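# Architecture at a glance
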Amino acid sequence: MVVGKRTSEDEFDEFVRGSSLRLLRSAYLLTGDQHLAEDLVQSALERTHRSWKRLHRTESAEMYTRRVMYHLQVAWWRRRRVKEHFDEQPIDERVSTPDSAEDATRRLVLGQALAQLTTRQRAVIVLRFYEDLSVSQTAEMLGCSNGTVKSQTAKALAALRRQRPELAQLTEGSFA
């Protein structure tokens, strides 16, 4: 084993190990399919790797990868519509400790409700409330205006309330 300076490849490998699960969870929420989510993360990481030397701070690498991931997803939506479905067991449940029955039920209902939204509405909901981005950050990420983010958020929350009244408590208050 050669002891010496850490290479760029070592840093990238460390980044991938540390961020893949978080990226995969977001990708799953965007795509609704584990295999599509894995493909999306893989493609985003591939592009991040190509740009790794240009990323001056590794702290910005995850945000850069997320941006690539969201842009790729939008490009995939435009190319073709894929029949989306949520797996019976979301990624969060496969990799974390078991939730209460109520939490597990809520997660399944929420996953099914997200699958009923348009792809743009789902992206806005994931970015705003799962990724906790501001309206302007979401608009920048998706390449649209703040007004579009606000209107898509309002439409998505209204659809969630209509489709799944039991989720109303989750879509009120700070989300409205």
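These figures come from a predicted structure and were not determined experimentally. (Residues numbered from 1 in each chain as written. Predicted model: local features only at pLDDT ≥ 70, side-chain atom pairs only at ≥ 80, totals over all residues. Heavy atoms only, no water.)

## A short note on the packing of helix α1 (residues 8–31) against helix α2 (residues 34–50)
At a minimum axis separation of 8 Å, α1 and α2 run at an interaxial angle of 145°. Here α1 and α2 pass one another in a crossing that is right-handed. Residue-level contacts link E9, F12, F15, V16, S20, L23, L24, A27, Y28 and T31 of α1 to Q34, L36, A37, E38, L40, V41, L45, T48 and H49 of α2. For the contact of α1 with α2, the residue count by class is twelve nonpolar, five polar and two charged. (Axes fitted to C-alpha atoms, helices over the stretch in contact; angles between N-to-C directions. Helix = DSSP H or I, 4+ residues; strand = E, 2+ residues; numbered from the N terminus. Left-handed = near helix turned anticlockwise from the far one by under 90°. Contact = heavy atoms within 4.5 Å. Nonpolar A, V, L, I, M, F, W, Y, C, P; charged D, E, K, R; others polar.)

## Remarks on unusual backbone geometry
Here the phi dihedral of D132 falls at roughly 60°; this positive angle occurs in a residue that is not glycine. With respect to the helices and strands, the residue D132 is situated in the loop between α6 (119–130) and α7 (135–142). Using a relative accessible area of 64% as the deciding quantity, one classes D132 as exposed. (Buried < 20%, exposed > 50% of the residue type's maximum accessible area, 1.4 Å probe, protein only.)

## Section: the nonpolar core
V41, M69, Y70, L117 and L142 are the most contacted members of the largest nonpolar core, which has 40 residues in total. At the level of elements, α1, α2, α3 (61–79), α5 (101–116), α6, α7 and α8 (146–163) are the ones that each hand at least two residues to this core. Among the elements that make up this core, the one with the highest residue count is α1 (eight residues). When neighbours within four sequence positions are excluded, V41 is seen to be in contact with L23, L24, A27 and M69. (Core = buried A, V, L, I, M, F, W, Y, C linked by side-chain atoms within 4.5 Å.)

## A short note on the packing of aromatic side chains
By the definition in use, this model includes three aromatic pairs. Ring centres of F12 and F15 lie 6.1 Å apart, and the angle between their planes is 45°; this geometry places the pair in the tilted category. Taken together, the positions of F12 and F15, both in helix α1 and three residues apart, correspond to about one turn of that helix. Residue F12 shares its accessibility class with F15, and that shared class is buried. Aromatic pair F15 and W52: ring centres 5.4 Å apart, planes at 35°, arrangement tilted. (Phe/Tyr/Trp six-rings, centres within 6.5 Å; stacked < 30°, edge-to-face > 60°.)

## Observations concerning a negative patch on the surface
Together, E9, D10, E11 and D13 give the surface a local cluster of negative charge. Within the secondary structure, E9 is located in helix α1. For E9, a relative accessible area of 40% puts it in the partly exposed group. (Patch = residues over 30% accessible without salt bridge, like charges linked within 9 Å, V, L, I, M, F, W, Y side chains within 5 Å. Areas by Shrake-Rupley, 256 points an atom, 1.4 Å probe, with all protein chains shown as cover. Salt bridge = Lys/Arg side-chain N within 4 Å of Asp/Glu carboxyl O. Lys, Arg positive; Asp, Glu negative; His and termini not counted. Charge placed at Lys NZ, Arg CZ, Asp CG, Glu CD.)

## Some thoughts on the environment of R47
By secondary structure assignment, the location of R47 is in helix α2. The class of R47 is partly exposed, set by a relative accessible area of 40%. R47 sits 18 residues away from T65 along the chain, and the two C-alpha atoms are 7.9 Å apart. Not counting residues up to four positions away in its chain, the partners in contact with R47 are Y64, V68 and L72.

## Points about α2
Helical periodicity: at 3.6 residues per turn, an α-helix aligns residues three or four positions apart in one direction. Its 17 residues give α2 an end-to-end C-alpha distance of 24 Å, which sits within 8% of 24 Å, the value for a rise of 1.5 Å per residue. Looking only at α2, the buried set comprises A37, L40, V41, A44, L45 and T48. Looking down the long axis of α2, one finds its buried residues gathered within 130° of arc, a one-sided arrangement. Opposite the packed face of α2, turned more than 90 degrees from it, sit the exposed residues H35, Q42 and R50. The backbone nitrogen of H35 has a side-chain oxygen 3.0 Å away, supplied by the residue at the start of α2, namely D33. (Expected span 1.5 Å × (residues − 1). Arc of directions from axis to C-beta. Polar contact = N/O pair within 3.5 Å; in protein donor to acceptor, adjacent residues only side chain to side chain.)

## Observations concerning the pattern of salt bridges
Summed over the entire model, instances satisfying the criterion amount to five salt bridges. The salt bridge involving R66 is made with E62; its shortest N-O contact spans 2.9 Å. With R66 and E62 both in helix α3 and four residues apart, the pair spans about one turn of that helix. Residue classification places R66 among the buried residues on the basis of a relative accessible area of 10%.

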